[in-house]
Amino acid sequence: MDNNARVSTFHYPHPFPLERGGELPSLSITYHTYGKLNPERNNCIWVCHALTANSDAADWWPNTVVADGFLDPNRYFIVCANILGSCYGSTGPLSINPATGEPWYDSFPKMTIRDIVNAHILLADHLQLSSIFSLIGSSVGGFQAVEWAIMQPERFRSLVLIATSVYASPWAIAIDETQRMAIFADKSFGEKRPDAAQAGLAAARAIGLLTYRGERGYNITQQDNPSDDNKVPDYHRACSYQRHQGDKLIKRFDAYSYVTILDTFDTHNIGRGRGGIKAALAMINCPTLCVGITTDMIFPPDEIKEFSLSIPHAYYKEISSQFGHDGFLVENDLLNSIIKDFFSTAVKTENKKS
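On a predicted model such as this, the values are computed, not experimentally measured, just so you know. (Residues numbered from 1 in each chain as written. Predicted model: local features only at pLDDT ≥ 70, side-chain atom pairs only at ≥ 80, totals over all residues. Heavy atoms only, no water.)

## Regarding the nonpolar core
Okay, step 1: Core analysis: the largest hydrophobic core is formed by 75 residues, its most contacted members being Trp46, Trp148, Tyr258 and Ile284.
Okay, step 2: Here this core takes eight residues from helix α2 (residues 113-126), the largest share from any one element.
Okay, step 3: When near neighbours in sequence (up to four residues on either side) are disregarded, isoleucine 284 contacts Val146, Ala149, Ile150, Leu159, Ile311 and Pro312.
Okay, step 4: The next biggest cluster of nonpolar side chains, apart from the first, holds 30 residues, and it includes Val47, Trp60, Ile338 and Phe343. (Core = buried A, V, L, I, M, F, W, Y, C linked by side-chain atoms within 4.5 Å. Buried < 20%, exposed > 50% of the residue type's maximum accessible area, 1.4 Å probe, protein only. Helix = DSSP H or I, 4+ residues; strand = E, 2+ residues; numbered from the N terminus. Contact = heavy atoms within 4.5 Å.)

As structure tokens, this is what we get:
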């Protein structure tokens, strides 16, 4: 279908201060849009993407940017921006540092989730989107979404948080550190070239995948094929899958961007400087849908249900899935049903009151 997809890059030619100190001398943000903005400019859905995704939501989130989906381009104007620190067109470690004329590589400044959101704000202002129908984020995208909804509660008419959290837990940080250890163990990390530490990056991806899918997901999809001759297999399907996924990532991503985003992930805590997490969540004033996945081992559903209780107008829904954290990429029919129902009931009701 023709979803009126467009890709653009917004350039901000001014210094961009960073929460952890220092600044970027300028920045660029690559973003995709789908559908058309209505005359009232209030039919926008803003999608915040996860760790290694890009701004093309239709590419990485299958069966969502479709007619009659919750990201229906015939009804909504959908925006997805590539995050700072990534390598899909926005300013990141492979961008040129104007002070040296060379890419930043491992000298790229340290960032926080709030820095990423402040870049989103610049883009939203540029697009003149003062009233956004819904802000949607899953995984690391949910970090951005909940942070933004607290920073600018007046901008959003609804919020959807999927398989995410309000802070980086010690468990999640430990997963990230293990992946960083794999990358740093590759002696080519630190070399001034975009393909440095590819072996380390592939290993880090394999580690991450274990937590994305979990035991059930692997046992369903990666069983060895039965052998008629009862010989010991020369290889295992699970082994080839791990190597294949690592090889796929190094063809489209780089170790410096990966480490930058992991480091940024670990700064996430919406309660910082706001009197704690509950006080921060109380600042959200729009209808909010929080979605947990039964087998998610990174952001367990009980954790999501617990923080939803501190959001004034929150609704909690749970998806039963065998595919762990990656359920948000797999269970699209269930997501479509849950989010469309939220839009047509809770959001519609709240907007009538206001």
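So, next bit.
## Let's talk about unusual backbone geometry
Okay, step 1: With a phi angle near 60°, asparagine 63 is a residue other than glycine that sits in the positive phi range.
Okay, step 2: Considering the arrangement of structural elements, one finds asparagine 63 in the loop between α1 (57-60) and β6 (77-81).
Okay, step 3: With relative accessibility at 51%, the residue asparagine 63 sits in the exposed group.
Okay, step 4: A positive phi angle, close to 70°, is found at aspartate 68, a residue other than glycine.

## Let's talk about α2
Okay, step 1: Helix length check: α2, at 14 residues, gives a terminal C-alpha distance of 20 Å against a target of 20 Å (1.5 Å per residue), a fit within 8%.
Okay, step 2: Turning to α2, its buried residues are Ile113, Arg114, Asp115, Ile116, Val117, Ala119, His120, Ile121, Leu122, Leu123 and Ala124.
Okay, step 3: Of the residues trailing α2, glutamine 128 is marked for its positive phi of about 60°. (Expected span 1.5 Å × (residues − 1).)

## Some thoughts on helix α9 (residues 301-308)
Okay, step 1: The set of residues buried in α9 consists of Pro301, Ile304, Phe307 and Ser308. With its buried residues spanning 130° around the axis, α9 presents them on a single face. Away from its buried face, by an angle of more than 90 degrees, α9 presents the exposed residues Asp302 and Glu306.
Okay, step 2: Buried residues belonging to α9 abut β10 (159-162), α8 (277-281), β11 (288-293) and β12 (314-319). (Arc of directions from axis to C-beta.)

## Remarks on the packing of helix α4 (residues 170-184) against helix α7 (residues 255-265)
Okay, step 1: Running from N to C, α4 and α7 point in directions that differ by 155°, and their axes come no closer than 10 Å. Regarding the angle of α4 to α7, the classification is roughly antiparallel. Classified by chirality, the crossing of α7 by α4 is left-handed. Here α4 contributes Ala172, Asp176, Gln179, Arg180, Ile183 and Phe184 to the contact with α7, which in turn contributes Ala255, Tyr258, Val259, Leu262, Asp263 and Phe265. (Axes fitted to C-alpha atoms, helices over the stretch in contact; angles between N-to-C directions. Parallel < 35°, antiparallel > 145°, perpendicular 65-115°, else oblique. Left-handed = near helix turned anticlockwise from the far one by under 90°.)

## A closer look at the sheet that holds β10
Okay, step 1: Pairing within the open sheet is mixed, and its eight strands lie in the order β1-β4-β6-β5-β9-β10-β11-β12. The open sheet has two edge strands with one neighbour each: β1 (6-12) and β12. Neighbour to neighbour, the strand axes of the sheet diverge by 20° on average, direction disregarded.
Okay, step 2: Two strands pair when backbone bridges link them, and strand β9 (residues 134-138) and β10 are joined in this way by four bridges, in the parallel orientation. Considered in β10, the bridge of isoleucine 136 is made with valine 160.
Okay, step 3: Strands in contact with α2 are β1, β4 (27-34), β5 (44-48) and β6; relative to β4, the strand with the most contacts, it is inclined by about 60°.
Okay, step 4: Across the sheet, helix α3 (residues 140-151) lies against β5, β9 and β10, angled at about 145° from β9, the strand it touches most. (Pairing = 2+ DSSP bridges.)

## Considerations on the pattern of salt bridges
Okay, step 1: One pass over the structure, following the stated rule, counts 14 salt bridges.
Okay, step 2: Across the pair lysine 192 and aspartate 106 runs a salt bridge whose closest N-O atoms are separated by 2.7 Å. Taken together, the residues span a long stretch of sequence, with lysine 192 in the loop between α4 and α5 (198-221) and aspartate 106 in the loop between β8 (102-103) and α2 at a distance of 86 residues.
Okay, step 3: The residue arginine 155 makes a salt bridge to aspartate 125 at a minimum N-O spacing of 2.6 Å. Here arginine 155 is found in the loop between α3 and β10, whereas its partner aspartate 125 is found in helix α2, with 30 residues between them in sequence.
Okay, step 4: Arginine 155 gets classed as buried once you look at its relative accessible area, which sits at 6%. (Salt bridge = Lys/Arg side-chain N within 4 Å of Asp/Glu carboxyl O.)

## With respect to the pairing of β4
Okay, step 1: Among the eight residues that make up β4, eight are buried, leaving the element largely enclosed by the rest of the structure.
Okay, step 2: Here β4 shows two buried faces, one formed by Leu27, Ile29, Tyr31 and Thr33 and the other by Ser28, Thr30, His32 and Tyr34.
Okay, step 3: Sheet topology places β1 next to β4; seven bridges connect them, and they run antiparallel. Following the sheet pairing, phenylalanine 10 is matched in β4 by isoleucine 29.
Okay, step 4: By the bridge criterion, four bridges tie β4 to β6 in an arrangement that is antiparallel. When the sheet's bridge partners are listed, histidine 32 is paired in β6 with cysteine 80.

## What about the environment of leucine 71?
Okay, step 1: Following the sequence through the fold, leucine 71 ends up in the loop between α1 and β6.
Okay, step 2: A residue is classified by how much of its surface remains accessible, and leucine 71, at 0% relative accessible area, is buried.
Okay, step 3: If we ignore the near neighbours within four places in the chain, the residues touching leucine 71 are Ile45, Val47, Trp61, Thr64, Val65, Val66, Ile78 and Ile136.

## A few points about the environment of serine 308
Okay, step 1: With respect to the helices and strands, the residue serine 308 is situated in helix α9.
Okay, step 2: Residue class for serine 308 comes out buried when judged on its relative accessible area of 5%.
Okay, step 3: Those residues in contact with serine 308 that lie beyond four places of it in its chain are Cys290, Ala314 and Tyr316.

By themselves, these are just geometric observations and shouldn't be taken as functional.
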